[in-house]
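Here is what each chain is made of, one letter per residue.
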Amino acid sequence: MKIKFVPPRLPRTGTLVLFVGEGRKLSPQATQLDRRSGKALTRALGASRFKGKAEETLAILAPAKLGVARVLLVGTGKADPADRALWQHCGGVILAALNGAGESEAAVLVEAGDRAAEIAAHVAYGARLRSYRFDKYRTKEKSEQKPSLKTLSILVDDVAAARRRFAPLDKIADGVFFTRDLVSEPANVIYPETLADRAKELTELGVTVEILDEKKMAALGMGALLGVGQGSARPPRLLVMQWHGADDKKQAPVAFVGKGITFDTGGISIKPSAGMEDMKWDMGGAGAVIGLMTALAGRKAKVNVVGVGALAENMPSGTAQRPGDIVKSMSGQTIEVLNTDAEGRLVLADALWYCQDRFKPRAMIDLATLTGAIIIALGHEHAGLYSNDDKLAEQLAAAGKATGETLWRMPLGDAYNKMMDSDAADVKNISGGRDAGSVTAATFLERFVNKVPWAHLDIAGTAWATKDKPTAPKGATGFGVRLLNRFVRDNYETRDGK
Ligand code: BES
Ligand code: MN
Ligand code: ZN
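All figures in this text were calculated on a predicted structure; none of them were measured in a lab.

Draft legend 1. Just the overall build of the chain, in detail. Within the chain, the regular secondary structure consists of 15 helices and 20 strands. Computed over C-alpha atoms, the radius of gyration of the chain comes to 25 Å, within 12% of the 23 Å expected from 2.2 N^0.38 for 498 residues, which places it in the range of a compact globule. Taken along the three principal axes of its C-alpha coordinates, the chain extends 85 × 50 × 40 Å. Buried positions account for 57% of the 498 residues belonging to the chain. Residue pairs in contact within the chain that sit at least 24 positions apart in sequence constitute 78% of those at least 6 positions apart. Carbon and sulfur atoms provide 51% of the accessible area of the chain, an area that totals close to 21000 Å². Across the chain, the centroid of the 68 positively charged side chains sits 8 Å from that of the 57 negatively charged ones.

Put into structure tokens, the structure is as follows:
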């Protein structure tokens, strides 16, 4: 699908999309189309249940004089020009309605006004985000099963301003799409080596990409990460990406660390087979870090950022680690592995330590599909947020609200920490009970973080969706890319004139 910004000349073909506010208020521009068409629209509205609430849609046959085949009315509720999420959702809803109707071209009329260019850009952004589709393995699809929309024109007065505003959003969408692609791929295609290879593509954007193999990791003493990978025929990797966008290339970076378990069988503590296919997306944290780097480098963000991916496949085999094994992490702490299915925290223990040790970051944020328990606690509406730093937690929560990738703060503390003491080693990888499963996992991670401001996002409930959302079709959501792009932009990036 192509998205274009064009001056507001009414199209003669396809669908004309008009926004309607609460109380069925047609935009002044729409009522000026011509008197007879305006009246026909008002009549059609009157005969429907459509109220103009946000994200409501009503498709009608166009009044004869308009030339277009159909008119799609889209509710905007209070139509707050500054509410970016609203306009993004509208864009997404429009895209879905047009594809649902089999339309191939459409034009969205954006009301003239101070914020028209911004609204136009966010409608386009929402439409693009919703248009994602992972269909490379559907070889027998008939054309009527494929999305029909070829061109979406956004009619707006200041075309240049709209394009300028859309450009960085388009780069963020590139990052979201890359994450969704990586997360959607099955585990026979994406395993540690191939995931690292895909990340290598970022060198084209100016990102430095290093890949550490088992030998290098062994030399660094990463026994926790290596232990998780040792049962698989696919060797583990540590992915290290650096983007130097700040004027001062030596300025300490902001660091992101992702859990990249390309498939999680549970290992010897094997998972039940029902639903195990979901565990192809257990690399969603690393996938989000790769997409975030794509977005930041794509829009040339003025900031230094490091992205680390802890990549391994968790398999049962004759070489797999066993429950009860004790491994030595890079930090020097020994870990008693009581459950091989609590593997995400093991790979992160070494990746977090390595990251803070090598880069001395200003802040370090990890993302991980870490626990089923966070889904019990928060469902799919928020990711769990843990932090040793209130300011960092607030910044992340604010970025979450602004992007719709929302976070909910969860506790850490001594009482939980004690639950992870081991009789045989420095720490054990499970508490032994089901209580506070997501909290004890976060507490485990905290033992591998020094003084650096750190936050952990448990994204097990948000990396994958079983239902369509306004700006994301069901499947891999790309959760974290938009959130962390915003977090970086608001708190670390220098912008011209600032
Ligand atoms: N990858 C899983 C967590 C997960 C579960 C993600 C469901 C997405 C959906 C993780 O490695 C895991 O297996 N966690 C265990 C921890 C337990 C053994 C303490 C869990 O949540 O059951
Ligand atoms: Mn697991
Ligand atoms: Zn896992």
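Draft legend 2. Structural view of the pattern of salt bridges. Considering all chains together, one arrives at 26 salt bridges under this definition. Ionic pairing is found between Asp490 and Arg486, a salt bridge with its closest N-O pair at 2.9 Å. Separated by 4 residues within a single helix, Asp490 and Arg486 lie in helix α15 (residues 481-491), roughly one turn from each other. Accessibility expressed as a relative area gives 35% for Asp490, which makes it partly exposed. Given a relative accessible area of 19%, Arg486 falls into the buried group. Here Arg489 makes a salt bridge to Asp490, at a shortest N to O gap of 3.4 Å.

Draft legend 3. How the structure looks around the coordination of the manganese ion (ligand 2). Protein-derived ligands of the manganese ion (ligand 2) are Asp264 (OD), Asp341 (O), Asp341 (OD) and Glu343 (OE), with the metal-ligand distances lying across 2.1 to 2.2 Å. Because the angles between the 6 donor atoms bound to the manganese ion (ligand 2) fall within 70 to 166°, the donor set is best described as irregular. Mapped onto the polypeptide sequence, the residues donating to the manganese ion (ligand 2) form the spacing pattern D-x76-D-x1-E. Here the manganese ion (ligand 2) and the zinc ion (ligand 3) are spaced 3.2 Å apart, linked through Asp264, which binds each one. Taken as a pair, Asp264 in strand β10 (residues 254-264) and Asp341 in the loop between β13 (334-337) and α10 (344-359) lie far apart in primary sequence, 77 residues in all.

Draft legend 4. Molecular detail of the coordination of the zinc ion (ligand 3). Here the zinc ion (ligand 3) is held by Lys259 (NZ), Asp264 (OD), Asp282 (OD) and Glu343 (OE), and the distances to it run 2.0 to 2.4 Å. Coordination at the zinc ion (ligand 3) is octahedral: its 6 donor atoms span angles of 79 to 172° at the metal. Every donor residue of the zinc ion (ligand 3) comes from the same chain, spaced as K-x4-D-x17-D-x60-E.

Draft legend 5. Focus on the domain arrangement of the chain. Taken as a whole, the chain is organised into domain 1 (2-159) and domain 2 (171-496). With centres defined by C-alpha atoms, the gap from domain 1 to domain 2 works out at 38 Å. Residue-level contacts link 16 residues of domain 1 with 20 residues of domain 2. Here domain 1 packs against domain 2, burying approximately 1600 Å² in sum over the two surfaces, 55% of which is carbon and sulfur. With a closest N to O distance of 2.4 Å, Glu185 and Lys136 form a salt bridge. The interface formed by domain 1 and domain 2 includes 10 residue pairs in polar contact (both at pLDDT 80 or more).

Draft legend 6. Up close: the site of ligand 1. Residues in close proximity to ligand 1 total 17 residues, the closest being Lys271, Asp282, Asp341, Glu343 and Gly372. The contact in question runs from an oxygen atom of ligand 1 to an N or O atom on the side chain of Asp341, over 2.8 Å. Taken by itself ligand 1 offers 520 Å² of open surface, and the protein chains cover 77% of this. Here ligand 1 occupies the largest pocket.

Draft legend 7. Focus on the sheet that holds strand β12 (residues 325-328). An order of β12-β13-β17 is seen for the 3 strands of this open sheet, with the pairing classed as mixed. Edge positions in the open sheet fall to β12 and β17 (427-428), since each of these has one partner strand only. By the bridge criterion, 4 bridges tie β12 to β13 in an arrangement that is antiparallel. Following the sheet pairing, Ile326 is matched in β13 by Glu336.

Draft legend 8. Seen up close, the nonpolar core. Counting residues in hydrophobic clusters, the biggest one holds 50 residues, and the most contacted among them are Met241, Phe256, Ile365, Leu484 and Phe487. Here this core takes 8 residues from helix α9 (residues 284-298), the largest share from any one element. Residues in contact with Met241, not counting those within four places in the same chain, are Ala199, Leu202, Val207, Thr208, Val209, Val289, Ile290, Met293, Val305, Val306 and Gly307. Within the second largest apolar cluster, 42 residues are counted, among which are Val306, Ala310, Trp353 and Phe359.

Draft legend 9. Representation of the packing of aromatic side chains within the structure. Counting across every chain of the model gives 8 aromatic pairs. An angle of 70° between the planes, with centres 5.0 Å apart, marks the rings of Tyr132 and Phe177 as edge-to-face. Of the two residues, Tyr132 is situated in the loop between α4 (116-130) and β7 (151-155) and Phe177 in helix α5 (residues 159-184); the sequence distance between them amounts to 45 residues. You'll find Tyr132 and Phe177 in the same group, each marked buried. Pairing Phe256 with Phe487 gives two aromatic rings, centres 6.4 Å apart and planes at 90°, and the pair type is edge-to-face. Pair noted here: Phe256 is in strand β10 and Phe487 is in helix α15, with a separation of 231 residues, a long-range link. For the pair Phe256 and Phe487, a shared accessibility class is recorded, and that class is buried. Aromatic ring contacts, followed pair by pair, group Phe256, Phe487 and Tyr492 into a single cluster. Above the plane of the ring of Phe177 lies Arg128, whose end atom (NZ or CZ) is 4.7 Å from the centre. Above the face of the Tyr191 ring, Arg234 is positioned so that its terminal group lies 3.6 Å from the ring centre.

Draft legend 10. Structural detail: the pairing of β12. Only one face of β12 is buried, namely the one carrying Asp325 and Val327, since none of Ile326 and Lys328 on the opposite face is buried. Taken together, β12 and the strand that follows it, β13, pair antiparallel across an intervening segment of 5 residues, in which Gly332 is found at a positive phi of about 100°.

Criteria and thresholds
- Residues numbered from 1 in each chain as written.
- Chains lettered and ligands numbered in written order.
- Predicted model: local features only at pLDDT ≥ 70, side-chain atom pairs only at ≥ 80, totals over all residues.
- Heavy atoms only, no water.
- Helix = DSSP H or I, 4+ residues; strand = E, 2+ residues; numbered from the N terminus.
- Rg over C-alpha atoms; globule rule 2.2 N^0.38 Å.
- Buried < 20%, exposed > 50% of the residue type's maximum accessible area, 1.4 Å probe, protein only.
- Contact = heavy atoms within 4.5 Å.
- Areas by Shrake-Rupley, 256 points an atom, 1.4 Å probe, with all protein chains shown as cover.
- Lys, Arg positive; Asp, Glu negative; His and termini not counted.
- Charge placed at Lys NZ, Arg CZ, Asp CG, Glu CD.
- Salt bridge = Lys/Arg side-chain N within 4 Å of Asp/Glu carboxyl O.
- Donors = N, O, S within 2.8 Å, 3.2 Å for Na, K, Ca; no water.
- Tetrahedral: all angles 85-135°; square planar, octahedral: opposite > 155°, others 65-115°.
- Domains from an automatic or database assignment.
- Buried area = accessible area lost by both parts, 1.4 Å probe.
- Polar contact = N/O pair within 3.5 Å; in protein donor to acceptor, adjacent residues only side chain to side chain.
- Near = heavy atom within 4 Å.
- 1 Å grid on protein atoms, 1.4 Å probe; cavity = no way out; pocket = protein on both sides within 12 Å on 5 of 7 lines; lining within 4 Å.
- Sits in = over half its atoms within 2 Å of the grid points.
- Pairing = 2+ DSSP bridges.
- Core = buried A, V, L, I, M, F, W, Y, C linked by side-chain atoms within 4.5 Å.
- Phe/Tyr/Trp six-rings, centres within 6.5 Å; stacked < 30°, edge-to-face > 60°.
- Lys NZ or Arg CZ within 6 Å of the ring centre and 35° of its normal.

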